[in-house]
Structures are given as structure tokens and as C-alpha cells.
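Spelled out from the first residue to the last, the chains are:
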Amino acid sequence: MASVPVSHLILFIASLVIAAGVVGTITTGVDRVSAAVDDAGLDATEQLRTDVTIISDPSAGVYNASGDQNVTLLIKNTGTYRLAPDGSDLDVVFDGAYVRPGALSGELVSADGANAWSRGDVLRLTIDVSEIEGQDGGLVDGDHRVYLSVNGDEELFQFRVEGGN
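Rules and cut-offs
- Residues numbered from 1 in each chain as written.
- Predicted model: local features only at pLDDT ≥ 70, side-chain atom pairs only at ≥ 80, totals over all residues.
- Heavy atoms only, no water.
- Helix = DSSP H or I, 4+ residues; strand = E, 2+ residues; numbered from the N terminus.
- Contact = heavy atoms within 4.5 Å.
- Areas by Shrake-Rupley, 256 points an atom, 1.4 Å probe, with all protein chains shown as cover.
- Pairing = 2+ DSSP bridges.
- Axes fitted to C-alpha atoms, helices over the stretch in contact; angles between N-to-C directions.
- Buried < 20%, exposed > 50% of the residue type's maximum accessible area, 1.4 Å probe, protein only.
- Phe/Tyr/Trp six-rings, centres within 6.5 Å; stacked < 30°, edge-to-face > 60°.

Help me out: how do you make sense of the overall build of the protein in this one?
Looking only at helices and strands, the protein features 1 helix and 8 strands. Reading the secondary structure of the protein in the N-to-C direction produces α-β-β-β-β-β-β-β-β. Look at the contacts in the protein between residues 6 or more apart in sequence, and 61% of them connect residues 24 or more apart. On the protein, roughly 10100 Å² of surface is accessible, and the fraction owed to carbon and sulfur atoms is 55%.

Okay, structure coming up:
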């Protein structure tokens, strides 16, 4: 008869060990899901607060204005999210080709010495066309497209190059 309480005690201890393992596993899973939800919320907030607008006039000669075979765009931060003052947050696609960060240079024109591109500030973004794959000799006459993306906000700028540039 003494063997029955011993076997019950062993089963009870085994069930406690299993229950503790299940609780530990569930707690870890819940913590991971909670952290993922927090991260997704921060990303969504960042995307909602980010907004930029290209304010350059396509007919005002955005290409080769300085004689260096560059495309120069003026971009205004119209959102509340602060961006890098050199435009390094921007992803740029020019005529379907990704523009490497080394081919871009940005300078704030509306805020001297600022360490962030804040709401209302204007960035002068210069794209070195010779650094873009397939554009070795400069731009050919015709229509061209610049696609910008930053934190989920997307902008498209189209311009035309006519003879003499």
C-alpha cells in the first residue's frame, strides 16, 4: 500500500515540472510577441510621421544647372519626423537604377548648421549622374524619373531633358 502514495507523489512532482516548463515556454513566447508588437508600433509611428515633398520645378532645369552633369532637387520635410541633415535617410531610384549613397550629396539650405532635417526645412539633394549605372555619358534627351523613398513615404519626380544640356 505504501507504493500507491509514492507513485502518486512521483506523478504529482512530474506534473509540476511539466507545468513549470510549459509556463516558462509560454512566458518567453508572450515576451517575444510583446516586443514584436512594440517594434511594429514604433515603425508605424515613424512611417506616419515621415513625409517629404519634392518642391523643385521640373521645367526649371534640374539637370546640369552647375555644368557638372548632376541632377539637383529641392526636397521639403513636411512631416514631423526629423531626418538626417545630409539626406542619407533617402533611398533613390533614377530611371529604374538604384542610386548608391556615394552618388548622392545633400545639404540643408533653409537651416544653417542644423544637425537634423526638421519639419519645414529644405534639403538640396544632388545626384551625380555619372555614378549611376548606365548613365556614363550624362543624360540623353527625353523624359527621366527620380523615385524617392524614406520610411515608407514615396515621392516621384519627372523631368525632361531637351537638347543643349
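Mind showing me how you'd approach the sheet that holds strand 6 (residues 122-128) here?
Paired through their backbone hydrogen bonds, the strands of a sheet run either parallel or antiparallel. Pairing within the open sheet is antiparallel, and its 4 strands lie in the order 1-2-6-5. Here the strands that pair on one side only, and so sit at the sheet edges, are strand 1 (52-54) and strand 5 (104-108). For this sheet, the mean angle separating the axes of adjacent strands, direction not counted, is 30 degrees. Alignment of strand 5 against strand 6, held across 5 bridges, turns out to be antiparallel. Bridge pairing links Gly106 to Leu125 in strand 6.

Looking at this structure, how should I read unusual backbone geometry?
Trans is the prevailing form of peptide bonds, just as negative phi is the prevailing case for residues other than glycine. The residue Asp95 is not glycine, and still its phi comes out positive at about 50 degrees. With relative accessibility at 32%, the residue Asp95 sits in the partly exposed group. Its identity as a non-glycine residue notwithstanding, Asn151 has a phi of 50 degrees, on the positive side. Looking at where Asn151 falls in the secondary structure, it is placed in the loop between strand 7 (142-150) and strand 8 (153-161).

Could you clarify how one ought to interpret the pairing of strand 3 (residues 91-94) in this entry?
For a regular strand, side chains alternate in direction, first toward one face of the sheet and then toward the other. Here strand 3 shows a buried face lined by Val92 and Phe94 and an unburied face lined by Asp91 and Val93. Relative to strand 7, strand 3 runs antiparallel, the two being bridged by 4 bridges. Bridging from a neighbouring strand, Asp91 pairs with Ser149 of strand 7. Relative to strand 4 (residues 97-99), strand 3 runs antiparallel, the two being bridged by 3 bridges. Residue pairing across strands places Val93 opposite Tyr98, the latter belonging to strand 4. Hairpin connection of strand 3 to strand 4: 2 residues between the antiparallel strands, including Asp95 at a positive phi of 50 degrees.

Just checking my understanding: could you explain the side chain of Thr126 for this structure?
Its place among the elements puts Thr126 in strand 6. When near neighbours in sequence (up to four residues on either side) are disregarded, Thr126 contacts Asn70, Val71, Thr72, Ala103, Leu104 and Ser105.

Would you mind going over the packing of aromatic side chains with me for this structure?
Centre-to-centre distance and the angle between the planes together describe a pair of aromatic rings. What the rule picks out here adds up to 2 aromatic pairs. On the basis of an interplanar angle of 50 degrees and a centroid distance of 6.2 Å, the ring pair of Phe94 and Phe159 is categorised as tilted. Taken as a pair, Phe94 in strand 3 and Phe159 in strand 8 lie far apart in primary sequence, 65 residues in all. No difference in accessibility class separates Phe94 from Phe159, as the two residues are buried. Three or more aromatic residues joined by ring pairs make a cluster, and in this case those are Phe94, Phe157 and Phe159.

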